Number of protein chains: 2
Amino acid sequence: MNAIFARRSIRNYTDRPVSEEDLHDLLHAGMSAPTANNARPWEFILVTDKDLLAKLPMDNYTLAVKDAQAAIVVCGDSTKDKMMQGALNVVDCSAAVENILVEAADKGLGSVYYAAFPMEHRVAHLREVFSLPENIVPFAVLPIGWPEKAPEVSDRFDVSKVHENCW
Amino acid sequence: MNAIFARRSIRNYTDRPVSEEDLHDLLHAGMSAPTANNARPWEFILVTDKDLLAKLPMDNYTLAVKDAQAAIVVCGDSTKDKMMQGALNVVDCSAAVENILVEAADKGLGSVYYAAFPMEHRVAHLREVFSLPENIVPFAVLPIGWPEKAPEVSDRFDVSKVHENCW
């Protein structure tokens, strides 16, 4: 089964380190997502420093990141996309995030999609941790680590969501 | 090289039909994307009818869909997500779209991401074609077909977009 179907949200990680090569591949996957007008309006903060990882939880729902081996903070540059007229391009950032999650699953790595934007307290927390410039919007935090246990596999096809040749 | 890196925007398709099984797998990939609070706030219109495909172009930039063998119209249900309080969950829809595009690339199929939302004229066009209810927001149109020529491969890693342990 391929990684798209195998991907699950993983919140518990072992102490096994994640190699630089694997982290590079995850970033490469993010940058391989399509963007409107090829604007590529994202930036990626790669966090491997333990003290910095400990500062990443944005609230009680995102604590798992402090026990990860690394994290990728996906940010959007609100000035980089004419179409959005200075707003964050949520579509482009989301596609990059999903590529990273699928690439992680393909390697057997675990991650989970912790949205920052549009939750104000999460955005504010990350702005402070990284002293981000105004135009850089923290979009999501993706903890990276080797899963403590193998994720369960389930079939999530739902025929009721398919409409053939009409609504 | 895996499908994430191989994916390209493909706008020219051959007459070779796309099997029902392949279309099923694409829809399955879309439904395998993560969604906030597991709300799964999307619906998929699968278009294989030639007359209906001919009606799908939303403007002069999206004409390729009429020459595709099929199309998947990804829609969001604005009532299905408490977090978004009645707004479209753009993140969830984008992740589903990216999964479909990567799964298509994995099969050697071609597609391209034609955003509908937030462009009002495109949303209005699809609302009319499908007589969509108010809460169903047309999000993207994905033409599906076998590529007329093999896509070029290029490395899109950009080291200037990586920030290690700091902004």
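Think of each chain on its own: its residues are numbered from 1, step by step along the sequence as written. By the order in which they are written, chains take letters starting at A while ligands take numbers starting at 1. Reporting in this predicted model follows two pLDDT cut-offs: at least 70 for local features of residues, and 80 or more for side-chain atom pairs to be given and counted; totals over whole chains, interfaces and linings ignore these cut-offs and use all residues. Excluded from the side-chain calculations are hydrogens and water; all other atoms, namely the structure's heavy atoms, are used.

A. Just the interface of chain B and chain A, in detail. Residue contacts are defined here by distance: any two heavy atoms, one from each residue, within 4.5 Å place the two residues in contact. Taken residue by residue, the interface counts 54 residues in chain B and 54 residues in chain A. Here's the idea: put two parts together, see how much 1.4 Å probe accessible area each one loses, and the total over both is what we call buried area. Buried area between chain B and chain A, summed over both chains or domains, comes out near 4900 Å², and the portion from carbon and sulfur atoms is 63%. For the chain B face of the interface with chain A, the top three residues by lost area are B:Lys161, B:Asn165 and B:Trp167, together amounting to 16%. Salt bridge, as used here, is a side-chain nitrogen of Lys or Arg placed within 4 Å of a carboxyl oxygen of Asp or Glu. Inspection of the chain B/chain A interface yields two salt bridges. A:Lys161 is the partner of B:Glu43 in a salt bridge, and the nearest nitrogen-oxygen pair spans 3.7 Å. Only helix 1 (3-6), helix 2 (20-31), strand 1 (42-47), helix 4 (90-107), strand 4 (136-144) and strand 5 (162-164) of chain B provide two or more residues apiece to the side of chain B that touches chain A. Ranked by residue count, the leading element in the side of chain B that touches chain A is helix 4 of chain B, at ten residues. By the criteria applied, helices consist of DSSP H or I runs no shorter than four residues and strands consist of E runs no shorter than two, each listed in order from the N terminus.

B. Seen up close, the sheet that holds strand 4 of chain B. Taken together, five strands build an open sheet; the order of strands is 5(A)-1(B)-2(B)-4(B)-3(B) and the sheet is mixed. The open sheet has two free edges, formed respectively by strand 5 (162-164) of chain A together with strand 3 (114-115) of chain B, since each of these has just one partner strand. Any two strands with at least two DSSP-identified bridges between them are counted as paired. Bridging between strand 3 of chain B and strand 4 of chain B involves two bridges; their strand directions are antiparallel. Paired with B:Ala115 across the bridge in strand 4 of chain B is B:Ala140. Across the sheet, helix 4 of chain B touches strand 1, strand 2 (70-77) and strand 4 of chain B, and the angle it forms with strand 4 of chain B is around 15 degrees. Packed onto the sheet, helix 5 (residues 120-130) of chain B meets strand 1, strand 2, strand 3 and strand 4 of chain B and runs at close to 90 degrees relative to strand 4 of chain B. Angular values range over 0 to 180 degrees, each being the angle between N-to-C directions of two axes fitted as lines to C-alpha atoms, with helices fitted over their stretch in contact.

C. Region of the structure containing the relation of the copies chain B and chain A. For the pair chain B and chain A, the relating rotation is 180 degrees, the translation along its axis is 0.0 Å, and the fit reaches an RMSD of 0.0 Å. What we have between these two chains is a two-fold relation. A least-squares superposition brings the copies together, and it is based on the C-alpha atoms of residues with pLDDT no lower than 70 in both.

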